[in-house]
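Topology and contacts: notes
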Amino acid sequence: ETGVTQSPTHLIKTRGQQVTLRCSSQSGHNTVSWYQQALGQGPQFIFQYYREEENGRGNFPPRFSGLQFPNYSSELNVNALELDDSALYLCASSLRTMGEETQYFGPGTRLLVL
Amino acid sequence: AQTVTQSQPEMSVQEAETVTLSCTYDTSESDYYLFWYKQPPSRQMILVIRQEAYKQQNATENRFSVNFQKAAKSFSLKISDSQLGDAAMYFCAYMVRQLTFGSGTQLTVLP
């Protein structure tokens, strides 16, 4: 167990809808990263939050947005859902120190867009 | 852009035997970290082992060890005394701030 939790575990939405996924960091961690893992592929980096500020973004459109809260928990919001957004969404928390930042993953949220 | 390549989509090993999973990466950075993560059918991504690029000594965690060749940009994972519980998808990942993953190697352990 990593101490990172995500909710919900599964979600079904229809095209065009909006979705919010949640992540609680491991205690003491100040950085949260989100990844999208399509079936049969490796995870792809969406964005990272450090102390409530976005701190890096992958090749994802602006309809993917996020928040980090003062307790370092985080949300991933996806607007105008498309069929290709169906994937496992992984959250990882880490403690940013002097360059070393091992990321620990939550169990993921499986999103299906119909 | 950094890329990570895992050239073995599938591997199998007999229980108690040793298996090596391959990984190469491309980067212009000199300081970075490399990881192997394991993803069983439950889909939870589990950290297996970590290597700091500035360290010449290969990392070891119990039955898991790496062969890190910085000049060749190679980072292979050796699993000794394979167990049925080792069966999973294994991902090699490179990190400078965020993780870049390879496409994974599905490891089957045969009883």
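Residues numbered from 1 in each chain as written. Chains lettered and ligands numbered in written order. Predicted model: local features only at pLDDT ≥ 70, side-chain atom pairs only at ≥ 80, totals over all residues. Heavy atoms only, no water.

Focus on the interface of chain A and chain B
Often, the extent of an interface is quoted as the loss of accessible area upon association of its parts. What counts is decided by this rule: Contacts: residue pairs with any heavy atoms within 4.5 Å of one another. By definition, the buried area sums, over both parts, the 1.4 Å-probe accessible area that each loses when the two are put together. Only one rule defines a salt bridge in this text: a Lys or Arg side-chain nitrogen within 4 Å of an Asp or Glu carboxyl oxygen. Pairs of N or O atoms within 3.5 Å make up the polar contacts considered here, provided that, within protein, one atom can donate a hydrogen while the other can accept it, and that residues adjacent in sequence are counted only when both atoms are side-chain atoms. Residues were grouped as follows: Ala, Val, Leu, Ile, Met, Phe, Trp, Tyr, Cys and Pro as nonpolar; Asp, Glu, Lys and Arg as charged; and all remaining residues, including Gly, as polar.
At the interface, 23 residues of chain A touch 17 residues of chain B. Roughly 1700 Å² is buried in total at the junction of chain A and chain B, and carbon and sulfur atoms are behind 52% of that figure. Where chain A touches chain B, the interface holds zero salt bridges. Where chain A packs against chain B, one counts six residue pairs in polar contact (both at pLDDT 80 or more). The residue inventory of the side of chain A that touches chain B, partitioned by class, reads eight nonpolar, eleven polar and four charged.

Describing the packing of aromatic side chains
The condition is simple: Only Phe, Tyr and Trp rings are paired, with Trp represented by its six-membered ring, and only when their centres lie within 6.5 Å; those with planes under 30 degrees apart are stacked, over 60 edge-to-face, the remainder tilted.
Counted under the stated rule, the structure contains 15 aromatic pairs over all chains. A centroid spacing of 5.4 Å and a plane angle of 85° characterise the contact between Phe47 of chain A and Tyr49 of chain A, whose relative ring orientation is edge-to-face. The structure contains a cluster of three or more aromatic residues connected by ring pairs, namely Tyr35, Phe45 and Phe105 of chain A together with Phe35, Tyr37, Phe91 and Phe101 of chain B.

Brief notes about the pairing of strand β11 (residues 109-113) of chain A
Across a regular strand the side chains alternate sides, sitting on one face of the sheet and then on the other. Residues and elements named next belong to chain A. Basically, it comes down to this: Classification of residues uses two cut-offs on accessible area relative to the type maximum, computed with a 1.4 Å probe and protein chains only: under 20% is buried, over 50% is exposed, and between them is partly exposed. For helices the rule is a DSSP run of H or I covering at least 4 residues; for strands it is a run of E covering at least 2, with both sets numbered from the N terminus onward. Paired strands, in this sense, are two strands between which DSSP finds at least two bridges.
On β11, burial follows the alternation: Thr109, Leu111 and Val113 on one face are buried, whereas Arg110 and Leu112 on the facing-out side are not. Relative to β11, strand β2 (residues 10-13) is paired through four bridges, and the arrangement is parallel. Within β11, the residue paired with Ile12 across the bridge is Leu112.

As for the side chain of Gln48 of chain A
Inspection of the secondary structure assignment puts Gln48 of chain A in strand β5 (residues 44-50). A polar side-chain atom of Gln48 of chain A sits 3.0 Å from a polar atom in the side chain of Ser33 of chain A. Excluding residues that lie within four positions of it along the chain, Gln48 of chain A makes contacts with Thr31, Val32, Ser33, Glu53, Glu54, Asn55, Gly56, Arg96, Glu101 and Gln103 of chain A together with Arg97 of chain B.

Some thoughts on the state of the cysteines
As a reminder of what qualifies: Criterion for a disulfide: a pair of cysteine sulfur atoms within 2.5 Å.
This structure, assessed with the given rule, holds two disulfides over all chains. The disulfide that involves Cys23 of chain A links it to Cys91 of chain A, with 1.7 Å between the sulfurs. Here the S-S torsion is close to -50°, and the disulfide linking Cys23 of chain A with Cys91 of chain A is therefore left-handed. Here Cys23 of chain A is found in strand β3 (residues 19-24), whereas its partner Cys91 of chain A is found in strand β9 (residues 87-94), with 68 residues between them in sequence. Judged on exposure class, the residue Cys23 of chain A and its partner Cys91 of chain A are both buried. The disulfide bridge from Cys23 of chain B ends at Cys92 of chain B, spanning 2.0 Å between sulfur atoms. Disulfide Cys23 of chain B to Cys92 of chain B: torsion about the S-S bond roughly -70°, handedness left-handed. With Cys23 of chain B in the loop between β3 (19-21) and β4 (24-26) and Cys92 of chain B in strand β10 (residues 88-96), this residue pair connects regions lying 69 residues apart in the sequence. Here Cys23 of chain B matches Cys92 of chain B in class, with each residue buried.

Side note on the sheet that holds strand β1 (residues 5-7) of chain A
Residues and elements named next belong to chain A. Short version of the rule: A fitted line through C-alpha atoms serves as each axis, taken over the contacting stretch for helices, and the angle formed by two N-to-C directions is quoted from 0 to 180°.
As summarised here, the arrangement of the four strands in space is β1-β3-β8-β7, forming an open sheet in which the pairing is antiparallel. The open sheet has two edge strands with one neighbour each: β1 and β7 (64-68). On average, each strand axis in the sheet is tilted by 20° relative to the strand beside it, whichever way the strands run. Alignment of β1 against β3, held across three bridges, turns out to be antiparallel. Across the sheet, Thr5 pairs through a bridge with Ser24, a residue of β3.

Re the environment of Leu83 of chain A
All names here are of chain A. In this structure, Leu83 sits in the loop between β8 (74-78) and β9. With 14 residues separating them along the chain, Leu83 and Thr97 place their C-alpha atoms 38 Å apart. Excluding its chain neighbours within four sequence positions, the residues that come into contact with Leu83 are Arg15, Val113 and Leu114.

Regarding the nonpolar core
All names here are of chain B. Basically, it comes down to this: Among the buried residues, those of types Ala, Val, Leu, Ile, Met, Phe, Trp, Tyr and Cys that are joined through side-chain atoms within 4.5 Å form a nonpolar core.
By size, the foremost hydrophobic cluster in this structure holds 25 residues, and its most contacted members are Tyr25, Trp36, Phe75, Leu77 and Tyr90. At the level of elements, β3, β5 (33-39), β6 (46-52), β8 (64-69), β9 (74-79), β10 and β12 (105-110) are the ones that each hand at least two residues to this core. In terms of residues, this core owes the most to one element, β10, which gives four residues. For Phe75, the residues in contact, after removing those within four places along its chain, are Cys23, Tyr25, Leu34, Phe35, Trp36, Gln51, Val66, Asn67, Phe68 and Cys92.

Let's talk about the side chain of Asp86 of chain B
All names here are of chain B. Relative to the assigned elements, Asp86 resides in the loop between β9 and β10. With a relative accessible area of 3%, Asp86 lands in the buried category. Excluding residues that lie within four positions of it along the chain, Asp86 makes contacts with Lys38, Arg63, Phe64, Ile79, Asp81, Leu107 and Val109.

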